[in-house]
Structures are given as C-alpha cells and as structure tokens.
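# Coordinate analysis (summary)
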Amino acid sequence: MSSGSNPKSGDNNDNDDEKLHWESGWSCYATFVEENGHNNVDKTEKPALYQWVQEQKENYKLLVQGEPCGDLDQGKVGQLKAKGFQFEVTTMENDDDDDDNRKPAATKRQRNE
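Residues numbered from 1 in each chain as written. Predicted model: local features only at pLDDT ≥ 70, side-chain atom pairs only at ≥ 80, totals over all residues. Heavy atoms only, no water.

Moving on to helix α2 (residues 47–64). With 18 residues, α2 should cover 26 Å at 1.5 Å per step; its first-to-last C-alpha distance of 26 Å lies within 8% of that length. Regarding α2, the residues found buried are Leu49, Trp52, Val53, Gln56, Lys57, Asn59, Tyr60 and Leu63. For α2, the buried positions fall inside an angular range of 170° around the axis, keeping them on one side. Downstream of α2 by one or two residues, glycine 66 has phi in the positive range, about 80°. (Helix = DSSP H or I, 4+ residues; strand = E, 2+ residues; numbered from the N terminus. Expected span 1.5 Å × (residues − 1). Buried < 20%, exposed > 50% of the residue type's maximum accessible area, 1.4 Å probe, protein only. Arc of directions from axis to C-beta.)

This is how it looks when you write it as structure tokens:
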C-alpha cells in the first residue's frame, strides 16, 4: 500500500467481503435447495451453509427492527423467500414428555382447525 492511501479503503474491503460472503452463501443455498428439494440445511452435514442460514435469520431480525444488518436488504429477502427460505424458526409444541409426540407448532394448529 502507498503511504497516501485512503484510510477508509478498509471499509470498502469489508463491504466487498460481505458481498462475497452473501453471494457465496446464496449460491450454495440455491444449489442445496435445487439438489435436495427442500431448504432444511442440516448442521452436521453442511455446517458452513447452516451457519450462513442462521446469519441470514439473525440479519433479518435486525432488518425488521431497523438495525444495521450486514449485507441483507429487501431485495435479498425476496430472493431467499423465492427459494422457500423460512426466516422464522418453527417452535416445537409438546403434548406430553414423550419426544415422539413433538410436532411443529403449525402442524398441530392445522390439525385443530
């Protein structure tokens, strides 16, 4: 680097890193969905992609609250939703202590309707 370099050039590198991180993660996610027919990324099988998915969920929470949220914006939210990305974590309901009876909350609500 020359002695006259712009001290803010590191900021541009950070933005480039975030953009590359987004694009790489998006590419892996889109490929995963197309190859597997679902968007349930397993933590043990695809740990890096799983982490990226979790980051997008956290960034989305920040975006909704109007906080700085990394590289996520409404356009990227639209891309993710088009591939079936679920920003909200599905909670589990438990009728008894038996783990076999645990179902996603939405499923139980649908059965009761």
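Tallied over the entire structure, the rule returns three salt bridges. Taking the shortest distance from any N to any O, the salt bridge between glutamate 34 and lysine 83 comes out at 2.7 Å. Placement of glutamate 34 in helix α1 (residues 9–36) and of lysine 83 in the loop between α3 (74–82) and β1 (92–93) is noted, with a sequence separation of 49 residues between them. Given a relative accessible area of 60%, glutamate 34 falls into the exposed group. (Salt bridge = Lys/Arg side-chain N within 4 Å of Asp/Glu carboxyl O.)

What follows concerns the packing of aromatic side chains. Tallied over the entire structure, the rule returns seven aromatic pairs. With centroids separated by 6.1 Å and ring planes inclined at 10°, the aromatic side chains of tryptophan 22 and tryptophan 26 adopt a geometry described as stacked. Within this pair, tryptophan 22 and its partner tryptophan 26 are both found in helix α1, separated by four residues, close to a single helical turn. Of the two residues, tryptophan 22 and tryptophan 26, neither departs from the other in class, the shared state being buried. For the ring pair tyrosine 29 and tryptophan 52, a centre distance of 6.1 Å and an interplane angle of 35° mean the geometry is tilted. Of this pair, tyrosine 29 sits in helix α1 while tryptophan 52 sits in helix α2; the two residues are 23 residues apart in sequence, bridging distant segments of the chain. Accessibility classification places tyrosine 29 together with tryptophan 52 in one group, the buried group. Aromatic ring contacts, followed pair by pair, group Trp22, Trp26, Tyr29, Trp52, Tyr60, Phe85 and Phe87 into a single cluster. (Phe/Tyr/Trp six-rings, centres within 6.5 Å; stacked < 30°, edge-to-face > 60°.)

The biggest cluster of nonpolar side chains holds 18 residues, and the ones touching the most others in it are Trp26, Tyr29, Leu49, Trp52, Val53, Leu72 and Leu80. Looking at this core, the elements with two or more residues in it are α1, α2 and α3. Residue contributions to this core peak at six residues, all from α1. Every residue in contact with leucine 72, bar those within four places of it in the chain, is listed here: Trp22, Gln56, Asn59, Tyr60, Leu63, Val77 and Leu80. (Core = buried A, V, L, I, M, F, W, Y, C linked by side-chain atoms within 4.5 Å. Contact = heavy atoms within 4.5 Å.)

This brings us to the confidence of the model for the protein chain. Parts of the model with low pLDDT should not have their predicted coordinates read in detail. Chain-level statistics for the protein chain give a pLDDT mean of 75 and a share of 65% at 70 or above. This stretch, residues 1–10, has a pLDDT under 50; its non-local contacts, to residues over four places away or in other chains, come to one contact. Of the regions scoring below 50 in pLDDT, residues 94–113 engages in 17 contacts with residues more than four places distant in sequence or in other chains. (pLDDT = per-residue confidence, 0-100.)

When you line up the elements, asparagine 59 lands in helix α2. Aside from chain neighbours lying at most four places away, what touches asparagine 59 is Cys69, Gly70 and Leu72.

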